[in-house]
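Residue-level listing of the chains:
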Amino acid sequence: MPVESLHRLAPDPDPDPDPDRMVRRVTAAHPRLLAEGLARLLVDPSESVASAAAGNPDLPSAAMHRILALAGL
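Residues numbered from 1 in each chain as written. Predicted model: local features only at pLDDT ≥ 70, side-chain atom pairs only at ≥ 80, totals over all residues. Heavy atoms only, no water.

### Looking at the packing of helix 3 (residues 35–42) against helix 4 (residues 47–54)
Part 1: Put simply, helix 3 and helix 4 touch, their axes get as near as 8 Å, and they point 140° apart. Relative to helix 4, helix 3 is oriented oblique. Judged by the sense of rotation from one axis to the other, the crossing of helix 3 with helix 4 is left-handed. Contacts between helix 3 and helix 4 involve L38, L41 and L42 on the former and, on the latter, V49, A50, A53 and A54. (Axes fitted to C-alpha atoms, helices over the stretch in contact; angles between N-to-C directions. Helix = DSSP H or I, 4+ residues; strand = E, 2+ residues; numbered from the N terminus. Parallel < 35°, antiparallel > 145°, perpendicular 65-115°, else oblique. Left-handed = near helix turned anticlockwise from the far one by under 90°. Contact = heavy atoms within 4.5 Å.)

See the structure below:
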């Protein structure tokens, strides 16, 4: 999938019931997603989307450290 498409699929979510959660979750796990899109998805209101972003293998180390600090690790 082109990186440009990934960024279009990772906008701030609509506050209404969320039919696009699955798309954001798949986007969050994609290895070609750039750091800015990944950062937006880390704070997604859907826990499954934020978890997928946190598990992305290209998550910047600074974000990993913040997650670990918030978890008390």
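### What to know about the pattern of salt bridges
Part 1: Under the defined criterion, the tally for this structure stands at one salt bridge.
Part 2: A salt bridge links R24 to D44, with the nearest nitrogen and oxygen atoms 2.6 Å apart. Taken together, the residues R24 in helix 2 (residues 21–29) and D44 in the loop between helix 3 and helix 4 connect sequence positions 20 residues apart. Grouping residues by exposure puts R24 and D44 together as buried. (Salt bridge = Lys/Arg side-chain N within 4 Å of Asp/Glu carboxyl O. Buried < 20%, exposed > 50% of the residue type's maximum accessible area, 1.4 Å probe, protein only.)

### Description of the nonpolar core
Part 1: Judged by nonpolar contacts, L6, A28, L33, L38, L41, V49, A52, A53, L59 and A63 together constitute the single largest core of 10 residues.
Part 2: The dominant element in this core, judged by the number of residues it contributes, is helix 4, at three residues.
Part 3: Residues within four places of L59 in sequence aside, it is in contact with L38, L42, A53, A54, M64 and I67. (Core = buried A, V, L, I, M, F, W, Y, C linked by side-chain atoms within 4.5 Å.)

### Some thoughts on the layout of surface pockets
Part 1: One number sums up the size of the largest pocket: a volume of about 190 Å³.
Part 2: Together, A39, L42, V43, A50, S51, A54, A63, R66, I67 and L70 line the largest pocket.
Part 3: Those elements that place two or more of their residues in the lining of the largest pocket are helix 3, helix 4 and helix 5 (61–70).
Part 4: In terms of residues, the lining of the largest pocket owes the most to one element, helix 5, which gives four residues.
Part 5: For the lining of the largest pocket, a count of residues per class yields eight nonpolar, one polar and one charged. (1 Å grid on protein atoms, 1.4 Å probe; cavity = no way out; pocket = protein on both sides within 12 Å on 5 of 7 lines; lining within 4 Å. Points joined across faces, edges and corners; volume = space filled by probe spheres on them. Nonpolar A, V, L, I, M, F, W, Y, C, P; charged D, E, K, R; others polar.)

### Quick word on helix 2
Part 1: Of all the positions in helix 2, only R24, T27 and A28 are classed as buried. Buried residues of helix 2, seen end-on, are gathered within an arc of 100° and therefore sit on one face of the element. Facing away from the buried side of helix 2, by more than 90 degrees, are the exposed residues M22 and V26. (Arc of directions from axis to C-beta.)

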